[in-house]
Structure formats: C-alpha cells, structure tokens
Amino acid sequence: MTQQPKKPIDGAELLDRVEKFHRRFNRFPREAAYVAVALWDAHAHLVEAFETTPRIAFLSPEPGSGKSRALEIIEILTPRAVSTASASANALYRLVDAAEGRPTVLFDEVDTIFGPAAGDNEALRGFLNTGYRRIGGAIRCIGDGSNQTAQTFSSYCAVALAGLGHLPDTVSTRSIIIRMRKRAPNERVEPYRQRVHEKQGHALRDELATWAEQVYDTVANAWPAMPDGVSDRPADVWEPLIAIADAAGGDWPDRARAACTELIAAAHDNDEASLGIRLLTDLRDRVFQGADRMPTAVILELLLALEDSPWTDLDGRPLTPRTLARMLGEYVTTDNKPIKPRSIRTATGGVPKGYYATDLTDAWARYCPPPSQESATAATAATPQVNTTEAVAAPTDVADHSRHIPGLAGAPA
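Below you will find a few notes about this structure.

### Considering the overall build of the protein chain
Part 1: For the protein chain, the helix and strand inventory stands at 15 helices and ten strands.
Part 2: Burial statistics for the protein chain: of 413 residues in total, 45% are counted as buried.
Part 3: Considering only contacts within the protein chain whose residues lie at least 6 apart along the sequence, 69% involve residues at least 24 apart.
Part 4: Surface exposure of the protein chain reaches about 21,300 Å², of which carbon and sulfur atoms provide 50%.

Shown next, in the form of structure tokens:
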C-alpha cells in the first residue's frame, strides 16, 4: 500500500505556536528574541540545508536570569538534542559524526569554558568555532601504536549556549546574542514541568521536522534579501533564519528582518570584546570632534573625564600615553603604516607629541559605527574652527589643556 503524502503544514502558523510555547516559560528581554529563538529552533531541523549554523547564546551578568530554562525549552523542540555543561572536544566530534545524525548541542554554564578560570579548553573552543561552518572540523589520528591513520571529524552542528558574562569575539560574532535579566516581581511565567510539558514540546518538534522536510529544497536554494546594512559575518549568521522566515510566510519575513536589525544593534551596544573600537569611536566622537590634531596630554585628559568609560581603569590603572600608543598602533593609516604619535607644532615653538586626524581617518571609516546625529553635528560645528596650517598653542596647564586646542569647547577665538 502506497503511503499518502503528508498534508502541507502552514509554516507561519507553526512558528506562531513555537513562539507561544517559548512565551509560556521564558521571559526574554525584548520581543525580537522570541522571533529569533523560534526561527533558530526551526533552523536546527534544517541545518543540512545551509552553509553555516549560527550559535544562539543566552548571556546574563548574574545567575537566575532564565538562561538554563531557555535551553530546556529548546531541548524539547530540536532534533537529537544533547544537553551538557561539561564535555570533551573529542567526545563532541564523535557525537557529530554518529550514524544517528548531527546533534543539537546545548551547552550550559559556558562561562566555565571561556571565563577567567577556564583553564586549558582550546580544543573545546576550537570545536565551537569551527563547527559554525559546514567545512569546519578537526583532524585526529586514530588507531593503535604505529598503526594510525589521520581522519577528519566534522564539528558542524547547531549549538545553543548559556552562561554568565560575555563570549570571546570569535564565538560572539558567530552568535545571535540574547542578554537575559532577572524577572521583575510583576513578570510571570508558567512553571515548567518536564513530565507534562515535554510531550507538548515533542509534538511541536515533530511538526517542525515534517515541515522542514517539506521546505528543505526551498530554503536550501534560497538567497534571502538581507536588511540594509547587514553584511559579512552578521549576514552569514542571520541568512538561514531569514530564509526560513521567507519559507514560512505570513508576517514572519518582516518580523525576522526587524529582529535581525534589532539584535545586531543590541549586540554592538553591549559588545565589550574590542576595546580598540571603543577607543577609536571615543576619539572621533568625543575628543577630536572635527579637530585636525590633538596633543596626547589633551587626549588623555578628555578620555579620562568621560563618564561611563573604561579609560580610568584598565587592569587597575588609568590609560597612559604608552597604552594609548600601543592600542592605536594596532591600526594603520591610509598609507598602511601603524598609527603613531607625531610631533605637533605649537605657536610658542614647543613640539608636544600627539595624533593627527588624517592618521586616524582610515581606522575610523573601517571599524567605527556610523556617528550619531549628535556627534556629527558637533563635528560639523567644530570643523570650521580648525585648519591644517593653524599652530596649536603649547599647553601650560594640564588641567586646562582643552582651551588651547582650536575646535574644542573653551578654545580662544
């Protein structure tokens, strides 16, 4: 007897139910997170259709913020889910290559891998990094004694992470970041009971698996249009989820693109991985503001005066001229030479060391986010007061440097 084809599943309606299931037990910090998580659940069933599999990471500054519960709900909605807080890289490589198919790995307490007391976990970090792309993996020797052969083990599989603090840049740039927080007293969720709710979750999981079979060819051949400004690594991360949203239809294509834009921006707002980019941005928007040059002493004074900045406490010490030079030396000028302090001619004949905006322009364009309207207005207002031939007066008092620099508040007319 021939098997009847399965009735087509309404993808939008199914994703609506997956989202509602998460809402019963999870309190996410923003609406976009519910969209991302529901699409990520579906992507775990379609991971073979894509070149990349984005990680999804639930992070918080303190315990008790709902990260583990988020993983518990994902566990019952995704295929071949394996939950762990401790595993060796070799075990995970073999798990991925198992005959049953690629697992969905749920890694709780990931801060024990990446935190300051993590120790030697390079192999595990390598698994998480390389498994983001289908071509990722590791080469290991197998066999006994001298009778060994090299074999490639794949690490490509869907991975969800939960932990305290932040992730290393190599992992966070491959991840959709959801920053969790403790529930307020007026925020309620339904208590999760595994023996009751697991069956409900598995029913949704099975529907997701059936729907994934029905739309596999569609998403595998899709080249979804990305939101404006989303390219490179962020586009790699979000393309599978947006392809799934397009296949589902309804309001999911619009919601997915809105969530993509919002969560990428939120990740940048909270990103502490690159202190160098923070330095470059502060120099452009809050120090130079259109000036063409600036003595090092003035730069430090202005940076150290900024509220909510890291410059007063870098490993227990304030930013120094040496540290400033070292950090800026990691970037290059338009001539592809390291940014270095240079002598600045002054009206009194002094030659203090400092930096020129022309040396920073290339790094500003490549690494900094677009300036805010407020910063752009400030820079435009400052620019007419500065020109490349005007001498900079020699600073006579560290506490009053800024009044000697054309284009800064308090500069003499």
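### Thoughts on the packing of helix H11 (residues 275-288) against helix H13 (residues 321-328)
Part 1: As a packed pair, H11 and H13 sit with axes 10 Å apart at the nearest point and diverge in direction by 105°. The orientation of H11 with respect to H13, classified from their angle, is roughly perpendicular. Every residue of H13 that contacts H11 at Leu275, Gly276, Leu279, Leu280 and Leu283 is listed here: Leu324, Met327 and Leu328.
Part 2: For the contact of H11 with H13, the class distribution of residues is seven nonpolar, one polar and no charged.

### A word on unusual backbone geometry
Part 1: Here Arg80, not a glycine, exhibits a phi torsion of approximately 50°, which is positive.
Part 2: Looking at the element boundaries, Arg80 is found in the loop between helix H3 (67-75) and strand E2 (81-84).
Part 3: Given a relative accessible area of 43%, Arg80 falls into the partly exposed group.
Part 4: With a phi angle near 45°, Gln289 is a residue other than glycine that sits in the positive phi range.
Part 5: Within the secondary structure, Gln289 is located in the loop between H11 and strand E8 (293-295).

### Quick look at the nonpolar core
Part 1: Grouped together as the largest cluster of nonpolar side chains are 63 residues, with contacts concentrated most on Leu39, Ile56, Phe58 and Trp238.
Part 2: Considering each element in turn, this core owes the most residues, eleven residues, to helix H2 (residues 31-45).
Part 3: Not counting chain neighbours up to four residues away, the residues in contact with Leu39 comprise Leu15, Leu241, Ile244, Ala245, Trp252 and Ala256.
Part 4: Of all hydrophobic cores here, the second largest spans 27 residues; its members include Phe288, Leu302, Leu324 and Trp364.

### Focus on the environment of Gly101
Part 1: Here Gly101 is to be found in the loop between helix H4 (89-96) and strand E3 (104-107).
Part 2: The class of Gly101 is partly exposed, set by a relative accessible area of 24%.
Part 3: Between the C-alpha atom of Gly101 and that of Cys157, which follows or precedes it by 56 residues, the distance is 9.7 Å.
Part 4: Residues contacting Gly101, with those up to four places away along its chain left out, are Arg80, Leu95 and Val96.

### Comments concerning the sheet that holds strand E10 (residues 353-356)
Part 1: Strand order in the open sheet formed by three strands is E8-E10-E9, with antiparallel pairing between adjacent strands. Looking at the sheet topology across the chains shown, the edges are occupied by E8 and strand E9 (342-343).
Part 2: The pairing of E9 with E10 spans two bridges and is antiparallel. Bridged to Arg342 within E10 is Gly354.

### A word on the packing of aromatic side chains
Part 1: One pass over the full model with this rule turns up seven aromatic pairs.
Part 2: Ring geometry for Phe21 against Phe25: centres 5.2 Å apart, planes inclined by 70°, an arrangement best described as edge-to-face. One end of the pair is Phe21 and the other is Phe25, both in helix H1 (residues 11-25) and four residues apart, which spans about a single turn. Each member of the pair, Phe21 as well as Phe25, carries the same accessibility label: buried.
Part 3: Geometrically, the ring pair formed by Phe25 and Tyr192 is edge-to-face, given 5.5 Å between the ring centres and 80° between the ring planes. Within this pair, whereas Phe25 is found in helix H1, its partner Tyr192 is found in the loop between strand E7 (175-179) and helix H8 (194-220), the two being separated by 167 residues in sequence. In terms of burial, Phe25 and Tyr192 fall into one category: buried.

The rules behind the values
Residues numbered from 1 in each chain as written. Predicted model: local features only at pLDDT ≥ 70, side-chain atom pairs only at ≥ 80, totals over all residues. Heavy atoms only, no water. Helix = DSSP H or I, 4+ residues; strand = E, 2+ residues; numbered from the N terminus. Buried < 20%, exposed > 50% of the residue type's maximum accessible area, 1.4 Å probe, protein only. Contact = heavy atoms within 4.5 Å. Areas by Shrake-Rupley, 256 points an atom, 1.4 Å probe, with all protein chains shown as cover. Axes fitted to C-alpha atoms, helices over the stretch in contact; angles between N-to-C directions. Parallel < 35°, antiparallel > 145°, perpendicular 65-115°, else oblique. Nonpolar A, V, L, I, M, F, W, Y, C, P; charged D, E, K, R; others polar. Core = buried A, V, L, I, M, F, W, Y, C linked by side-chain atoms within 4.5 Å. Pairing = 2+ DSSP bridges. Phe/Tyr/Trp six-rings, centres within 6.5 Å; stacked < 30°, edge-to-face > 60°.

Purely geometric stuff here, so don't read any function into it on its own.
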